[in-house]
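# Chains, contacts and geometry: an overview
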Number of protein chains: 2
Amino acid sequence: MLKKIKTMTAGWWKKPQDRIEKALNLPKPVKAVKSEPTKQYEAHICPSYNELKMVFRNVGRMSAIIETMGRDFLTAMPQGAYVSRLGQIAFLYRRQHEDLAEPKLVNFLSDAKTHAHDNPNDWDEWDKANLREIEATIRHHINVPAELIEKRARLAYEGRHVHRDVLKNNDWEQGQIFLEGMVELHQRIADYKNLEDNDHPEARYQALMREFMPGARLDTMDTLFKGYKSEVETLIPQILAAQSARPNPMQMTGVFSGKSQFWLNKALLKKTGFDFERGGLYETGHNPVEGGTPDDTRLVIKTAKIGTFLDSMKSALHEGGHGLYIQGLPRRQWRYQPVGQDLGAVVHESQALLIEMILGRKREFFDYLAPRAEGVFQRFDDPALTSENLWRLKNHVGKSIDRKSADEVTYFLHVHMRTQIERKLISGELKVKDLPDAWNQMSKEYFGKKPKTNAEGCLQDVHWFVGKFGYFPSYALGHMMAAQLYDAMLRDIPHIPTQLREGEFGDIHIWLNNKIYQKGRLQRTDDLIRTITGEELSYKALIRHIKNRYLN
Amino acid sequence: MLKKIKTMTAGWWKKPQDRIEKALNLPKPVKAVKSEPTKQYEAHICPSYNELKMVFRNVGRMSAIIETMGRDFLTAMPQGAYVSRLGQIAFLYRRQHEDLAEPKLVNFLSDAKTHAHDNPNDWDEWDKANLREIEATIRHHINVPAELIEKRARLAYEGRHVHRDVLKNNDWEQGQIFLEGMVELHQRIADYKNLEDNDHPEARYQALMREFMPGARLDTMDTLFKGYKSEVETLIPQILAAQSARPNPMQMTGVFSGKSQFWLNKALLKKTGFDFERGGLYETGHNPVEGGTPDDTRLVIKTAKIGTFLDSMKSALHEGGHGLYIQGLPRRQWRYQPVGQDLGAVVHESQALLIEMILGRKREFFDYLAPRAEGVFQRFDDPALTSENLWRLKNHVGKSIDRKSADEVTYFLHVHMRTQIERKLISGELKVKDLPDAWNQMSKEYFGKKPKTNAEGCLQDVHWFVGKFGYFPSYALGHMMAAQLYDAMLRDIPHIPTQLREGEFGDIHIWLNNKIYQKGRLQRTDDLIRTITGEELSYKALIRHIKNRYLN
């Protein structure tokens, strides 16, 4: 029978090529969108670059597929599919990695770089940036064994469930086993990466950090963190003193229906410019998830608690900020190409925090929100819903040892502490078995108290369980960037506060689109912020913002 | 910089192999399911067979991923993602096809077949069957150009939307353009397939049919269709006469809330044995979709009409029958292997029609349902909800020209007519431009009247728009098989009617599990039916069933 296969290969059904072509050039069906030439498909004069573009088109498609599969995993999948879905997602990551680790890519890259060097006029700034990002991506993959990538993908998804269980049961013993594996695996992956600056003493951690923040440097981060820490630690006692001179915020009472909260959150997202034709808002029992693609940006927040609407609103605005960035990326021209993607976690968090914290906690925003909240929740004249009280509730500073309920001012301390710890875990200086002691001691040092249990301490965050070593710094760097961007935006649009009082985000949306979203990865983060603000990334604007908001 | 990549490949971070292994042999995380050895992963003595098993594990994973992406496409995806999702799904089909068309597979297959031939004792019946199905799958792919597969996948998903629009606008012109492309494309794909019996005069159509019904033969189908057609056409006038002697069924009035219908449908599915831990029931504005995997069987039915609960119940029972089959497949031992899959459309439709039509329209089932429906819909003593009236409503015979609202008796005529037409389309004897005339003429011949519009005629079905040429026959063959299986089941479990009156499906479920679901593709359809019933697939049981139900 097999023989038949071989014989028939030369047989009658081997139709001439023109018949395939006829079938492939079928009449355009009714609804087909006119395919205008895009930069992704445009034939560049350098053939190797065209080859790379098609490889990365496929890589980008795979990322989009992984996004959808992961979203489904967290929100809609029946629980019985858990084990097989882990295998499917890990398989996709492996296939994508294999495409990126193909040795022929190094040759294409070499050709394309030579071409760009010798024929600079054939390469516009977008193509050059795309090639730069192609190289960076290849460097993250080329030497890493596929088994490690597959394993990591599986454990990262498994980790979400493991974390839920160890947290519920305060089960350090099981947490330790899992984290030891995760740390070991990430050390190995980092060792295999072929990035620049691999001679840095903390090269491993920097390499992992760069998966989230392309091109980030530890020394830059250290300088920023050190300076900001010293300033904010001076401010905190002053802020607490000023706060104690004001009346305490009035807590909300009674029930805020989940349905009304959900309606409000969607309405606010619409106002910020989120396009529900290309995305949506969903609730889940899990932690929130950011992500998606410009055409399919499905934001997932935790199911609302009924005692207050401020927590689910915070999540919606935060994820909404991520979503707006994703939706604004240059999807038509550069859909799946590296240069069409976001700039990574720092810029992403800056966009989320700009909407959620910088804008979404301004008094003018609460002026807009307060009377409407009275209507949405059918509570005319509820004294907890005045603009003044909402402002106080959202901007109350404390020294919680729980990161997720931390305020804008002390949040940095949580990030700083976690960053110090994870660096030592990845370098090997701190063993996972010693994590609880180290955590508790630092908690005392940073917050003046130790957690009562590991669940309240070193198990509280999901990050390490999903392999996000090197992600924490982006919250703080993103916060700095958000404040800096707001200053620049205010210079261009001085009437932002007035507009916020009207619930008007139009000019803000256009500004962010033009300056950030539509730029994709045309510039790297450092250059982008210099272009927009005229300055390096710095913590000065954030300190001004903190003083302005909490000491006035 | 590129030089650096090359230099560093031999550098310090190239860690010894044992460190990778350490990272890969991480301690088992908390929730990890104990991985018992399964036949899928068991090391067989023939290495080429093991290679094939791993290729097909990946192919099966890809199928599962495509299922999830397709389900999401039809139910949850925001509309703005339409174009890019088409590209993603087509890309997955192409990658899967490329894995199946790898020339090395032919060598593995050749080796494994030789091994099986020379060492029959090393191959149990499951491994032998798996190898047979591996070969069949490879034959469907090995010579087909990847471009055609990618194109087909894209058009098949696009076709669902195209069909919705041409149907709504009765737009034959656009429908014709799209169908011409689809026919041409499927002719080409069929030509490239490397199946047995490729010398059949209608080899193309038979090849396409075999994508849905592995190993099916046109001559067998012709014999069955001819015999059944002649018998049922004799019965129809008798049935109509008998029916006219009985009172007409009383139509339902008022509103049956969608929520209550949905609750009822889920409750009935639970009773039939559907496992909601590994699946679910969903509603959509589109046509129903069957499919999924044994761990993730998400059934999708059309959003309920509020004027009757019988239509959505029919859909739920039908899709439920598909779902039960999928959930019962040998997922532990043979998860992604070909032998662990379903036997294709005939057996699938037999399972759906057995639950929906054979069992779900028995008077005893309505005895169980009727009083409970009065409760679910809060209509005590509604005369339309008596068991007798429900039976009459569901078993009323007419001569509708609309397939989807056709009754059990005349449904075959719709299938027969479509089968004749699509054979001619694929052979080229009938041109798409002549389809409306051919359709209308046959409609007159089969049903005594012509449709008023193409939307009511040749555009009514989605099948050709999604490339399902060769699927229609499975409805009729599946119906025959369902009746034959019911007879066999009744011999083993004579008290089925009594049990149905109690809403008890337990014995039925066990019987189907043991005889069909758990067998996967151990035997091919013809052999399976012979094993279970002692006879060839035949229409005799169906004719007995029709006489029994409609002429008693």
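Values in this document were obtained by computation on a predicted structure and should not be read as measured data.

Rules behind the numbers
Residues numbered from 1 in each chain as written. Chains lettered and ligands numbered in written order. Predicted model: local features only at pLDDT ≥ 70, side-chain atom pairs only at ≥ 80, totals over all residues. Heavy atoms only, no water. Helix = DSSP H or I, 4+ residues; strand = E, 2+ residues; numbered from the N terminus. Rg over C-alpha atoms; globule rule 2.2 N^0.38 Å. Buried < 20%, exposed > 50% of the residue type's maximum accessible area, 1.4 Å probe, protein only. Contact = heavy atoms within 4.5 Å. Lys, Arg positive; Asp, Glu negative; His and termini not counted. Charge placed at Lys NZ, Arg CZ, Asp CG, Glu CD. 1 Å grid on protein atoms, 1.4 Å probe; cavity = no way out; pocket = protein on both sides within 12 Å on 5 of 7 lines; lining within 4 Å. Points joined across faces, edges and corners; volume = space filled by probe spheres on them. Nonpolar A, V, L, I, M, F, W, Y, C, P; charged D, E, K, R; others polar. Polar contact = N/O pair within 3.5 Å; in protein donor to acceptor, adjacent residues only side chain to side chain. pLDDT = per-residue confidence, 0-100. Expected span 1.5 Å × (residues − 1). Salt bridge = Lys/Arg side-chain N within 4 Å of Asp/Glu carboxyl O. Phe/Tyr/Trp six-rings, centres within 6.5 Å; stacked < 30°, edge-to-face > 60°. Lys NZ or Arg CZ within 6 Å of the ring centre and 35° of its normal. Axes fitted to C-alpha atoms, helices over the stretch in contact; angles between N-to-C directions. Parallel < 35°, antiparallel > 145°, perpendicular 65-115°, else oblique. Left-handed = near helix turned anticlockwise from the far one by under 90°. Bend = angle between axes of the 7 residues up to and from the residue. Pairing = 2+ DSSP bridges.

Our next topic: the overall build of chain A. In terms of helices and strands, chain A carries 23 helices and two strands. Its C-alpha atoms give chain A a radius of gyration of 25 Å, near enough to 24 Å, the size a compact globule of 552 residues would have. Referenced to the eigenvectors of the C-alpha coordinate spread, the extents of chain A come out at roughly 90 × 55 × 50 Å. The proportion of buried residues among the 552 residues of chain A is 61%. For chain A, contacts bridging at least 24 residues in sequence account for 73% of all contacts bridging at least 6. Once the 80 positive and 72 negative side-chain charges of chain A are each reduced to a mean point, those two points are 4 Å apart.

Time to look at empty space enclosed by the protein. Rolling a probe over the atoms, with the probe sized like a water molecule, indicates the empty space that remains. All names here are of chain B. For the structure shown, the criterion picks out 10 cavities of 30 Å³ or more. Taken as a whole, the largest cavity holds about 70 Å³ of empty space. In terms of residue count, helix 3 (residues 47-75) provides more of the lining of the largest cavity than any other element does, four residues in total. When its residues are assigned to classes, the lining of the largest cavity shows one nonpolar, three polar and four charged.

Residue and element names in this part refer to chain A. Mapped onto the secondary structure, Thr223 falls in helix 10 (residues 218-244). The exposed category is assigned to Thr223, whose relative accessible area is 57%. Thr223 sits 99 residues away from Asp124 along the chain, and the two C-alpha atoms are 34 Å apart. At a separation of 2.9 Å, a polar atom in the side chain of Thr223 contacts the main-chain carbonyl oxygen of Asp219.

Moving on: the confidence of the model for chain A. Atomic detail in the predicted coordinates should be set aside for any region of low pLDDT. Residues and elements named next belong to chain A. For chain A, mean pLDDT is 92; residues scoring 70 or higher make up 93% of the total. Counting interchain partners and residues more than four positions distant, the pLDDT-below-50 stretch residues 1-20 has 42 contacts. Considering only residues more than four positions removed or in separate chains, one finds that residues 29-33, a stretch of pLDDT under 50, has 10 contacts. Among the prediction metrics, the complex's ipTM stands at 0.89, with pTM recorded as 0.91.

Let's shift gears to the side chain of A:Ser84. Turning to its location among the elements, A:Ser84 is positioned in helix 4 (residues 82-100). Polar contacts involving the side chain of A:Ser84 include one to the side chain of B:Asp295, which spans 2.8 Å. Beyond its immediate sequence surroundings of up to four residues, A:Ser84 is in contact with B:Asp295, B:Arg335 and B:Tyr336.

Right, let's talk about helix 17 (residues 411-427) of chain B for a bit. Counted at 1.5 Å a residue, the expected span for helix 17 of chain B with its 17 residues is 24 Å, and the 25 Å between its end C-alpha atoms agrees. Where helix 17 of chain B terminates, the next one or two residues include B:Gly428, which has phi positive at roughly 95 degrees.

One non-glycine residue with positive phi stands out, namely A:Gln378, at about 50 degrees. Although it is not a glycine, B:Asn170 adopts a positive phi angle of roughly 45 degrees. Here B:Asn170 is to be found in the loop between helix 7 (146-169) and helix 8 (172-192). For B:Asn170, a relative accessible area of 34% puts it in the partly exposed group.

A few words now on the pattern of salt bridges. For the structure shown, the criterion picks out 94 salt bridges over all chains. Note that A:Arg94 and A:Glu98 form a salt bridge whose closest N and O atoms lie 2.9 Å from each other. You can see A:Arg94 and its partner A:Glu98 sitting in helix 4, four residues apart, about one turn around the helix. Overall, the relative accessible area of 32% leaves A:Glu98 in the partly exposed class. Across the pair B:Lys515 and B:Asp492 runs a salt bridge, and its minimum N-O distance is 3.9 Å. Remark: B:Asp492 occurs in helix 19 (residues 473-492) and B:Lys515 occurs in helix 21 (residues 506-515); sequence separation between them is 23 residues.

What follows deals with the packing of aromatic side chains. Going through the model one piece at a time under the given rule, you end up with 44 aromatic pairs over all chains. An angle of 85 degrees between the planes, with centres 4.8 Å apart, marks the rings of B:Tyr228 and B:Phe412 as edge-to-face. With B:Tyr228 in helix 10 (residues 218-244) and B:Phe412 in helix 17, the pair connects residues that are 184 residues apart, well separated along the chain. Put simply, the rings of A:Phe212, A:Tyr411, A:Trp439, A:Trp464, A:Tyr471, A:Phe472 and A:Tyr475 touch in pairs and so form one group of aromatic residues. Directly above the ring of A:Phe256 sits A:Arg379, whose terminal nitrogen or CZ lies 3.8 Å from the centroid.

This brings us to the packing of helix 12 (residues 310-328) of chain B against helix 14 (residues 345-359) of chain B. Residues and elements named next belong to chain B. Helix 14 packs onto helix 12 with a crossing angle of 135 degrees between their chain directions and a minimal axis gap of 7 Å. Relative to helix 14, the element helix 12 lies oblique. Crossing angle aside, the handedness with which helix 12 passes helix 14 is right-handed. Of helix 14, the residues touching helix 12 (which contributes Lys314, Leu317, His318, Gly321, His322, Leu324, Tyr325 and Ile326) are Val347, His348, Glu349, Gln351, Ala352, Leu353, Ile355 and Glu356. In the contact of helix 12 with helix 14, the residues fall into eight nonpolar, five polar and three charged.

Once that is clear, we can look at helix 15 (residues 363-376) of chain B. Residue and element names in this part refer to chain B. An ideal rise of 1.5 Å per residue puts 20 Å on 14 residues; helix 15 measures up with 19 Å between its terminal C-alpha atoms. Maximal helix bending in helix 15 amounts to about 30 degrees, located at Leu369; proline Pro371 follows within four positions. Burial in helix 15 covers these residues: Glu364, Phe365, Phe366, Tyr368, Leu369, Ala370, Ala373 and Glu374. Taken together, the buried residues of helix 15 touch helix 11 (258-272), helix 12, helix 14, helix 16 (387-394) and helix 20 (496-501). Gln378 sits one or two positions beyond helix 15 and adopts a positive phi of about 50 degrees.

Another point: the pairing of strand 2 (residues 297-302) of chain A. Residues and elements named next belong to chain A. With respect to burial, strand 2 is a largely interior element, five of its six residues being buried. Sheet analysis places strand 1 (residues 279-284) next to strand 2, joined by six bridges and oriented parallel. Counted as the bridge partner of Leu281 is Leu299 from strand 2.

What follows is about the packing of helix 4 of chain A against helix 3 of chain B. Where helix 4 of chain A meets helix 3 of chain B, the closest approach of the two axes is 10 Å, and the angle between their N-to-C directions is 105 degrees. Between helix 4 of chain A and helix 3 of chain B, the crossing angle belongs to the class labelled roughly perpendicular. Between helix 4 of chain A and helix 3 of chain B, the residues in contact are A:Arg85, A:Gly87, A:Gln88, A:Phe91, A:Leu92 and A:Arg95 and B:Asn58, B:Arg61, B:Met62, B:Ala64, B:Ile65 and B:Thr68, respectively. When its residues are assigned to classes, the contact of helix 4 of chain A with helix 3 of chain B shows five nonpolar, four polar and three charged.

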